[in-house]
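# Survey of secondary and tertiary structure
The chain contents come next:
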Amino acid sequence: MSEAAMEIGGVNRNDRFTRGSRLVDVLSKAGLAFAIVAVMLYGSLVSPAFFTSGNLLNVLTSMSIVGIVVVGMTFVLVVGGLADLSVPATIACGAILSLGLQPMIGPLPAFLLAVGLAGLIGLLNGGLVGYVGINPIIATLGVGTIGLGIVQAAVGGVIVYGSNPASAEFAKGRLFGIPVVVLIFLVIALVGHFVLSRSFWGRWTLAAGGNYSAAEASAVPVRAVKAGAFVITALASGISGGLLGLTLQSARPLIGGGYEFSAITAVVVGGVSIVGGFGSVPRAIAGLIFVQLLTNVMVLDGVRTPIQGFVLGILIVGAVGMDAALRKRGVA
C-alpha cells in the first residue's frame, strides 16, 4: 500500500496508531501511579499495621512469588496468547518435585530438575497453541488439568515435606538485608524486561501480538515465538513453585490454585493489552504492586474473601474495558 493510500484526511494511519498507543501508555501509567499512592494512603488510615516492616515484608515476599509468574504471563498476553491457565499445575509440579526429589539427588539438582519438568508443560502448551492452533484457553486448561492429575497421582494426593533444612534457610534467608526470594524475583524481572524490550525475541513477540499475519509475512517465526511465550511462563511458574515449596517446606497438589488469576489480574491492571502487541514487564509489575497492596489493605480492613474476589474481578473488567476504549479512541 502506498503512502498516499495510507493517509486519510492528511493523517497517516501509522501515526494515529502510535498516538493511540502513547495515549494508552500515558493514561495508564498516570492512573496506576495515582492508584498505588491512594491505596497506600488509605492503608495507613485503615490500619496502623500497614506501614510496619513486618507487614510490608510479607507483602513484598508474597508479591515476589506471584511476580515471577507475572513476568512470564506478560509474554503470553503480549504475544496474543490470551492467558495460561496451566499455571496452578506448573507451580504444583515445581513445588512438589523440588521437595520430593531432595532425598535422592539433593536440593539444588532437585530444584533445577523440577523447573525443567515444569517447562515441559509449557512446551506442550506452546506446541498446541503455536503450531497446532488450538485456542490458548482450551489448550492450557486441558494441559493443566492433565498435569495436575499426574502430579496428584505421583504423590497420592498427600502433602510432600522438605528434608533439607539448609534449603529452607536459603529460601527464607536474606542477602544485604533483602529476602532472597525478592532478589530472585528482581533478577527474573530484569531479564524478562531486557528480553521483551531490548532483544530480537522481544521485538518478534510484540510484532506477532500486534499483527500476526504481517509478522509472518515479514519472516518472523511467529509459531515459535507464540510457543516460546508459554514455555517462558511455565519455567517462571516452575521457579515460583520451587521457591514456594522451599519456603513453606511443604507442598500439595493444589498449592498453585489461584496464582493464574493473580498473575492475569496484575498484568491486565498494569495496562498490558489483552489482545496482544502492547505491554511491558515494568507495567505488569506496577499492576502487581497495586493489586498486592489493595489485597493487603482489604485483609487488614477485614474485608471478606468473596468481596475481595469481587473487587479484583471488577478491576479486570475495568482494565480491559479501558484498554479497548482508549485504543478505539486513539486509533479509529
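Residues numbered from 1 in each chain as written. Predicted model: local features only at pLDDT ≥ 70, side-chain atom pairs only at ≥ 80, totals over all residues. Heavy atoms only, no water.

When pLDDT is averaged along the protein, the result is 86, and 88% of the positions lie at 70 or above. A low-confidence stretch, residues 1-19 stays under pLDDT 50, and its non-local contacts, those more than four residues away or across chains, total 14 contacts. (pLDDT = per-residue confidence, 0-100. Contact = heavy atoms within 4.5 Å.)

The end-to-end C-alpha separation of helix H4 (residues 87-100) is 20 Å, in line with the 20 Å expected for 14 residues at 1.5 Å each. Burial runs high along H4: 12 of the 14 residues are buried. (Helix = DSSP H or I, 4+ residues; strand = E, 2+ residues; numbered from the N terminus. Expected span 1.5 Å × (residues − 1). Buried < 20%, exposed > 50% of the residue type's maximum accessible area, 1.4 Å probe, protein only.)

The subject of this paragraph is the packing of aromatic side chains. Under the counting rule described, the total for this entry stands at three aromatic pairs. Judged by centre distance (4.9 Å) and plane angle (80°), the ring pair of Phe50 and Phe51 falls under edge-to-face. Ring geometry for Phe200 against Trp204: centres 4.8 Å apart, planes inclined by 75°, an arrangement best described as edge-to-face. Taken together, the residues Phe200 and Trp204, both in helix H10 (residues 200-210) and four residues apart, mark about one turn of the helix. For Trp204, a relative accessible area of 27% gives the class partly exposed. Every member of this aromatic cluster is reached through a ring pair, and the members are Phe200, Trp201 and Trp204. (Phe/Tyr/Trp six-rings, centres within 6.5 Å; stacked < 30°, edge-to-face > 60°.)

On to a nonpolar patch on the surface. Residues Met104, Ile105, Leu113, Leu117, Leu120 and Leu123 make up a contiguous nonpolar surface patch of about 560 Å² in total accessible area. Sorting elements by how many residues they give to the nonpolar patch places helix H6 (residues 107-132) first, with four residues. Its location among the elements puts Met104 in helix H5 (residues 102-105). Since its relative accessible area comes to 61%, Met104 is described here as exposed. (Patch = residues over 30% accessible without salt bridge, like charges linked within 9 Å, V, L, I, M, F, W, Y side chains within 5 Å. Areas by Shrake-Rupley, 256 points an atom, 1.4 Å probe, with all protein chains shown as cover. Salt bridge = Lys/Arg side-chain N within 4 Å of Asp/Glu carboxyl O.)

In terms of nonpolar packing, the biggest core is built from 64 residues, with Val70, Met73 and Phe185 touching the most fellow members. Contributions of two or more residues to this core are made by helix H3 (53-78), H4, H6, helix H7 (136-155), helix H9 (180-198), helix H12 (222-248), helix H13 (259-269) and helix H14 (281-300). When residues of this core are assigned to their parent elements, the largest contribution, 12 residues, is made by H3. Ignoring sequence-local partners within four residues, the contact set of Phe185 consists of Met63, Ser64, Gly67, Ile68, Val71, Ile285 and Leu288. With 14 residues, the next largest nonpolar core counts Ala35, Phe50, Phe290 and Leu293 among its residues. (Core = buried A, V, L, I, M, F, W, Y, C linked by side-chain atoms within 4.5 Å.)

What follows concerns the layout of surface pockets. Over the atoms rolls a probe the size of a water molecule, and its path tells where empty space is left. The volume enclosed by the largest pocket comes to roughly 440 Å³. Taken together, 16 residues form the lining of the largest pocket, with Ser62, Val66, Tyr259, Ser262 and Gln292 sitting closest to its centre. Sorting the residues of the lining of the largest pocket by element identifies H3, H12, H13 and H14 as the ones contributing at least two each. Examining the composition of the lining of the largest pocket, we find that six residues originate from one element, H3, more than from any other. (1 Å grid on protein atoms, 1.4 Å probe; cavity = no way out; pocket = protein on both sides within 12 Å on 5 of 7 lines; lining within 4 Å. Points joined across faces, edges and corners; volume = space filled by probe spheres on them.)

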